[in-house]
Each structure stands twice: as structure tokens, then as C-alpha cells.
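Listed below are the residues making up each chain.
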There are 2 protein chains.
Amino acid sequence: MIEFWFDFGSNYSYLSVMRIEALARRHGVTVTWRPFLLGPIFRSLGWESSPFLAQAQKLRYVWRDMARRCDAYDLPWTVPTTFPRRSILPARVTLLGAGEPWIGEFCRQVMQINFAADRDIDGADTIARVLDRLGLPANDLLERALSPANKEALHAQTARAASLGIFGAPTFFVGDEMFWGDDRLDDAMAFATRPISS
Amino acid sequence: MIEFWFDFGSNYSYLSVMRIEALARRHGVTVTWRPFLLGPIFRSLGWESSPFLAQAQKLRYVWRDMARRCDAYDLPWTVPTTFPRRSILPARVTLLGAGEPWIGEFCRQVMQINFAADRDIDGADTIARVLDRLGLPANDLLERALSPANKEALHAQTARAASLGIFGAPTFFVGDEMFWGDDRLDDAMAFATRPISS
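What counts and how
- Residues numbered from 1 in each chain as written.
- Chains lettered and ligands numbered in written order.
- Predicted model: local features only at pLDDT ≥ 70, side-chain atom pairs only at ≥ 80, totals over all residues.
- Heavy atoms only, no water.
- Least-squares fit on C-alpha atoms with pLDDT ≥ 70 in both.
- Contact = heavy atoms within 4.5 Å.
- Buried area = accessible area lost by both parts, 1.4 Å probe.
- Salt bridge = Lys/Arg side-chain N within 4 Å of Asp/Glu carboxyl O.
- Polar contact = N/O pair within 3.5 Å; in protein donor to acceptor, adjacent residues only side chain to side chain.
- Helix = DSSP H or I, 4+ residues; strand = E, 2+ residues; numbered from the N terminus.
- Nonpolar A, V, L, I, M, F, W, Y, C, P; charged D, E, K, R; others polar.
- Axes fitted to C-alpha atoms, helices over the stretch in contact; angles between N-to-C directions.
- Parallel < 35°, antiparallel > 145°, perpendicular 65-115°, else oblique.
- Left-handed = near helix turned anticlockwise from the far one by under 90°.
- Pairing = 2+ DSSP bridges.
- Buried < 20%, exposed > 50% of the residue type's maximum accessible area, 1.4 Å probe, protein only.
- Right-handed = clockwise from strand over helix to strand, strands pointing away.

Overlay of chain A on chain B (RMSD 0.0 Å): rotation 180°, translation along the axis 0.0 Å. The transformation relating the two chain copies, once decomposed into turn and shift, fits a two-fold axis. Taking C-alpha positions as the reference, the residue of chain A nearest the rotation axis is A:Asp183, at 3.7 Å. Both copies present the same face, since 100% of the interface residues in chain A are matched by interface residues at the equivalent positions in chain B.

Counting residues at the interface gives 19 residues for chain A and 19 residues for chain B. Carbon and sulfur atoms supply 46% of the area that chain A and chain B bury against each other, a total of about 2,200 Å² over both sides. When the area that chain A buries against chain B is broken down by residue, the three leading residues are A:Gln55, A:Tyr61 and A:Arg184, summing to 27%. Our enumeration of links across chain A and chain B arrives at 10 salt bridges. Close ionic contact of B:Arg184 with A:Asp65 constitutes a salt bridge, the shortest N to O distance being 2.8 Å. Joining chain A to chain B, the criterion identifies 14 residue pairs in polar contact (both at pLDDT 80 or more). For the side of chain A that touches chain B, the secondary-structure elements that each account for two or more residues are helix H3 (56-73) and strand E4 (177-180) of chain A. It is H3(A) that contributes the most residues to the side of chain A that touches chain B, 7 residues altogether. Split into classes, the residues belonging to the side of chain A that touches chain B amount to 7 nonpolar, 3 polar and 9 charged.

Residue and element names in this part refer to chain B. Two numbers describe how helix H1 (residues 11-27) lies on helix H9 (residues 185-192): the axes approach to 11 Å, and their chain directions differ by 25°. The pairing of H1 with H9 is recorded here as roughly parallel in orientation. As for how H1 packs across H9, the hand of that crossing is right-handed. Residues Ser16, Arg19, Ile20, Leu23, Ala24 and His27 of H1 touch H9, and the partners they reach there are Leu185, Asp186 and Met189. Taken together, the residues of the contact of H1 with H9 break down into 5 nonpolar, 2 polar and 2 charged.

To continue, consider the packing of helix H4 (residues 88-97) of chain A against helix H8 (residues 148-163) of chain A. All names here are of chain A. Relative to each other, H4 and H8 sit at 95°, their axes nearing to 10 Å. With respect to H8, the axis of H4 lies roughly perpendicular. Contacts from Ile88, Ala91, Arg92, Leu95 and Leu96 in H4 reach Asn150, Lys151, Ala153, Leu154 and Gln157 in H8. Of the residues that constitute the contact of H4 with H8, the class distribution is 6 nonpolar, 2 polar and 2 charged.

A few words on the sheet that holds strand E2 (residues 31-35) of chain A. All names here are of chain A. Taking strand neighbours across the sheet as the criterion, the 4 strands line up as E2-E1-E3-E4 in an open arrangement whose pairing is mixed. Either end of the sheet is taken by a strand with one partner, and the two such strands are E2 and E4. Taken over all neighbouring pairs, the strand axes of this sheet differ in orientation by 20° on average, direction set aside. Sheet topology note: the strand E3 (residues 171-174)/E4 ladder contains 4 bridges and is antiparallel. Across the sheet, the residue bridging to Val174 is Glu177, located in E4.

The next point concerns helix H4 (residues 88-97) of chain B. Residue and element names in this part refer to chain B. Of all the 10 residues making up H4, 8 are buried; the element is thus mostly covered by neighbouring parts of the structure. Looking at H4, one finds that the buried residues are Leu89, Pro90, Ala91, Arg92, Val93, Thr94, Leu95 and Gly97. Contacts from the buried residues of H4 go to strand E1 (2-6), strand E2 (31-35), helix H5 (103-115), helix H6 (124-133), helix H7 (138-145) and helix H8 (148-163).

So, about the pairing of strand E3 (residues 171-174) of chain B. All names here are of chain B. Every second residue of E3 is oriented toward a common face, with Thr171 and Phe173 on one face and Phe172 and Val174 on the other, all of them buried. Two elements, E1 and E3, share 3 bridges in a ladder whose sense is antiparallel. Directly across from Trp5, in E3, lies its bridge partner Thr171. Hairpin geometry of E3 and strand E4 (residues 177-180) is characterised by an intervening segment of 2 residues between the two adjacent antiparallel strands and by a positive phi of about 60° at Gly175.

Moving on to the pairing of E2(B). Residue and element names in this part refer to chain B. Burial of E2 is extensive: 5 of the 5 residues sit out of reach of the surface. Going residue by residue along E2, you find Val31, Trp33 and Pro35 tucked away on one face and Thr32 and Arg34 tucked away on the opposite face as well. Here E1 pairs with E2 via 5 bridges, running parallel. When the bridges of E2 are listed, Phe6 appears paired with Pro35. Running through H1, the crossover from E1 to the neighbouring parallel element E2 is right-handed.

Here it is as C-alpha cells:
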């Protein structure tokens, strides 16, 4: 089992959301989807927003790096005109649906709205359309996603991320072993399927 | 040709210093060694020292990540008791010797003193011993390394790194294409040997 911690606003999370389910299938590993909010984590670490924004050189490099990675992975890519995008509503829906068979496809569609279509992902209309396309009861799910209990559950999940030592996304856990960044997804998968020494 | 920008105090530079010459040989690529100082770059970006030090969680993760990478690459590894170590003298010697056939071995030995033996790398005695082991005229090289002209040349090289948009190390350039981090060394090599489209 691999725990997959990510934020829909995070560009490197986009790469992992698009890749993880096929990789996990190939390795026979179960994915546990753990949406959380990077904003409160970054603020607790002393950054106002994404650390990429603090340095123009770094942001410029990140977009070039993303274009190359998406090319290598055969993924669509558009530099987002808003970054990082607000991602609270899709995170709340993902928290509700984390154990459902449709969760991977839901997350991929939301990520593509952000990083391929370059549109906002936090509007109820946008998320309802995605749920509808998946044949799901959009109104019912949105109502539950917006409930105080689910709002509180996302806060608790983000607090848990902080307590686990997560400082960025994507982050993967296999047991207590932490892997940070899309560049470590393959290592995390290999670790999840390592032979257990006796 | 691949330009290899690195700092002897940088742990991810250690991985690339140890790997790059064999990789380049396999690919038929020439390495141009570009030592520089990360300290002035970090300060210009608003950090007092390595950004890893600003966050205890991140530093803890980096050491775990380094142990795993060194294991994968079959490299010795010791968490440095001083980090980042002062690296001015070996950088000055590397600047002098950048075009010499011994430069790769010199850099590997200095890096192993830092990240395997966990000892300081900025003392004249330490660097003289490395040069001596390589059969080089240590006193003469150290004298030239410490000359005002060479000191100025290292400042100029660091200023050039900043003007190229370098914000960390290791950084690789193939022409104008920039690659940041040991994780991108293989991509940079592949880019250096790509077929030129007509």
C-alpha cells in the first residue's frame, strides 16, 4: 500500500496524479488517496504561498522542467495563468471519495482542468460537471463535500500531513518511509513491493 | 558538452560529482567543470544559508533521501556534522584545474572527505594532501589558488551563475537548456546527445 498525499494546486502533484494508478496496477500496489492543503503547511513553514513564487528564476525553471516532464510522460501541459490555484472544493470531494473506484479518474480530470485547460478548479459548477461526466450524483456529493463535518475532516487531514513531517507535494508514504516529489514515485513503488527480509 | 555547476558544500552536488565522469564517458559527452559558491546565491535569494536548514522536517527528509540515493548509486554516505561546509579553497583549486585530466578525481576525493569521512574540506593541509595523493605540485597549486586573480575569478564565476538563473546545485547546462538537481543529470546527458533535427 502506498499513501499518496497531494494538492490539486501543485504542478508536481499533477504529474503523479496522472501516473500513479497505472504504475500501482503494474506493481500490484494499492493507492490510498490523501488530499490535503499545501497552503496552511507553507504558511506554517514561513512562506506566504508556493516557494516557487518567491524566486522568479526558480519559477521560470519549474515551467521549463514541467514542459520536459510532460513531454516525457506524454501528458498535456499549459503553464497555468493562475498559480497556485485554489483547490479546496476538489480536495473536499476527494476526501469523500477516497475509497471509491472513480477517485483516480476524478482526480485526473480535475488536474487536467488546471494544468492542461488552464481553468479554475474550485467552482461548484466545474466540479459538478466532472462528477456528472463520471455518472455520479453531483448535487448529493457536493452537498456532502460542503458539510461542516467534511470541512473539518480536511482540516484534520492537513494537520495530520504536518504532523507526519510533510513539507511539499506530492509526498508518498510506504509505512513510515517517506518519499517527496514525483521524481521519487518510482522509488516509492519499488519500496512498496520490496521482498521482506526475514 | 555539458556544463556542470556545483558547490563542494552541497550534498546533491556530491551525488553528481561522483557520477558525472563515468556517465559522460559512456555517452561520449565532454564535461566542463564549473565550481561556484552557493552562499552568495542563497543570500541574494533571501536565505541565510542552505534552504534545507530553514526547515527541520525538510533537512530530516534530505538525509534520509541521501542515504537511499547513495545506497542506489553504491556510494559511501555519512550525515555531515557540519552543513553546509565551507568550500572556498577546493572551489578555487577546481577553477584552476577545470581543464586538467585530474579534475574529476580531485573533486571526487574532496567530496568524499565531506560526505563520507565527515571532515572539513576548506583547510590548506587537507587540500594539499589530496593534490599530493594525485601526484600534483600541491604548494604551487595552492599558491596560485590563493592568488588575488584567482579569488576574483571565483567571484566572477559565481556572478555568472547568478546571471544564468542558477538558484541551486548541481545545475547542468547543455547550450541554453538548464537542468537542476542530480535527478536531472541523466536527462541532461540524453539532451546533450540528442539527434539534431534538420
